[in-house]
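Report on the structure
Residue-level listing of the chains:
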Amino acid sequence: MFKNVIVYRIGPGWSLSVEKMEESLDGKRFVECGASQEKSIGWVEPRGEAHGPLVETVSGQLILKLMIETRSLPSSVVNRKAKDRIAQIESTTGRKPGKKETREIKEDVKLELMPMAFTKQSSVLVWMDREAQLLIIDAGSQAKSDEVVTELVKSLDGLALTLLNTKVSPTAAMSEWLVSQEPPPGFSVDRECELKAADESKAVVRYSRHPLDNEEVKQHVQAGKLPTRLALTWDSRVSFVLTESLQLKKLAFLDVVFEGASSGKDDGFDTDTAIATGELRKLLPDLLNALGGEILGT
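Small disclaimer: the values here were computed from a predicted structure and weren't measured.

Looking at the packing of helix H2 (residues 75-93) against helix H3 (residues 99-113)
- Where H2 meets H3, the axes come as close as 9 Å, and the angle between the chain directions of the two elements is 125°. Our classification of the angle between H2 and H3 gives oblique. Our pair here, H2 against H3, has a crossing hand that is right-handed. Between H2 and H3, the contacting residues are Val77, Val78, Asn79, Lys81, Ala82, Arg85, Ile86 and Ile89 on the first element and Glu101, Thr102, Ile105, Lys106, Asp108, Val109, Glu112 and Leu113 on the second.

In structure tokens form, the structure reads like this:
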């Protein structure tokens, strides 16, 4: 269910019933782009069933889903059409359009072509753990996550979110684990890593499917290259890549997680949600402990 994890702390004192959340999100349901609209953002049913709830509750955990649709035109097409129009003006009037008129021509061309442009949809899962006061976004980049946070704050009154901050930075912790060749309790280091030089050279060393418990890796770190990504496995149950900004990427639940899992008549949504949230609710505290604990705002 989750491929990426970006974790936020929910601001103190925020509380909204599921019914109130449903009502708030309903006013911002997703609507497909209009003919001349470049982008549309809104909430859709996490389970994928039309007219279903926008807030799904599974084992006490809340799941939301944001849909983003974009309609874009290649700039080369707009520029070519605009160039043809400018050339026509020059040939019929003998004058060359100025900068302002050229911009206006490009905008007109864009508006005319927009209804013919293809649209692209992407969705982002949001998990809210109200007991732990955490919100997790399944986004592959901080920019995408920021977009989701903006919509959450606009949709849910009073909601405030801050990225987690740990006493030991992921970079410092990963450096220590690679040099000492001793991962934190409950974790093992896998076979993927990225190291970047902090100096002006910006040199990058990447290891893929390569053992990391060797002198070569240690020497790179000791020479000043900082780990920005490191593959880890937690409790032989969940593998992921930890980044310098405390994001979890390439999240994968190992076979042992699914042993004994129910294969009931549901569409798999409840089972997948229960497994993913259940594992991550145990993994995240262990990871925060490995990073010296969370620095809570005052």
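Some words on empty space enclosed by the protein
- Considering all chains together, one arrives at 1 cavity of 30 Å³ or more under this definition.
- Approximately 50 Å³ is the volume found for the largest cavity.
- Lining the largest cavity, in full, are Val7, Leu164, Leu246, Leu248, Leu284, Leu287 and Leu288.
- Considering each element in turn, the lining of the largest cavity owes the most residues, 3 residues, to helix H8 (residues 269-290).
- Per-class residue counts for the lining of the largest cavity are 7 nonpolar, no polar and no charged.

Quick notes on helix H1 (residues 18-26)
- Residues Val18, Met21, Glu22 and Leu25 constitute the buried set of H1. End-on, the buried residues of H1 take up no more than an arc of 100°, which puts them together on one face. Away from its buried face by more than 90 degrees, H1 exposes Glu19 and Glu23.
- Buried positions along H1 lie against strand E2 (39-43), strand E3 (56-58), strand E4 (61-71), strand E5 (119-129) and helix H4 (142-155).

Cut-offs used in this document
- Residues numbered from 1 in each chain as written.
- Predicted model: local features only at pLDDT ≥ 70, side-chain atom pairs only at ≥ 80, totals over all residues.
- Heavy atoms only, no water.
- Axes fitted to C-alpha atoms, helices over the stretch in contact; angles between N-to-C directions.
- Helix = DSSP H or I, 4+ residues; strand = E, 2+ residues; numbered from the N terminus.
- Parallel < 35°, antiparallel > 145°, perpendicular 65-115°, else oblique.
- Left-handed = near helix turned anticlockwise from the far one by under 90°.
- Contact = heavy atoms within 4.5 Å.
- 1 Å grid on protein atoms, 1.4 Å probe; cavity = no way out; pocket = protein on both sides within 12 Å on 5 of 7 lines; lining within 4 Å.
- Points joined across faces, edges and corners; volume = space filled by probe spheres on them.
- Nonpolar A, V, L, I, M, F, W, Y, C, P; charged D, E, K, R; others polar.
- Buried < 20%, exposed > 50% of the residue type's maximum accessible area, 1.4 Å probe, protein only.
- Arc of directions from axis to C-beta.

Take it as geometry only, folks, not as evidence of what the structure does.
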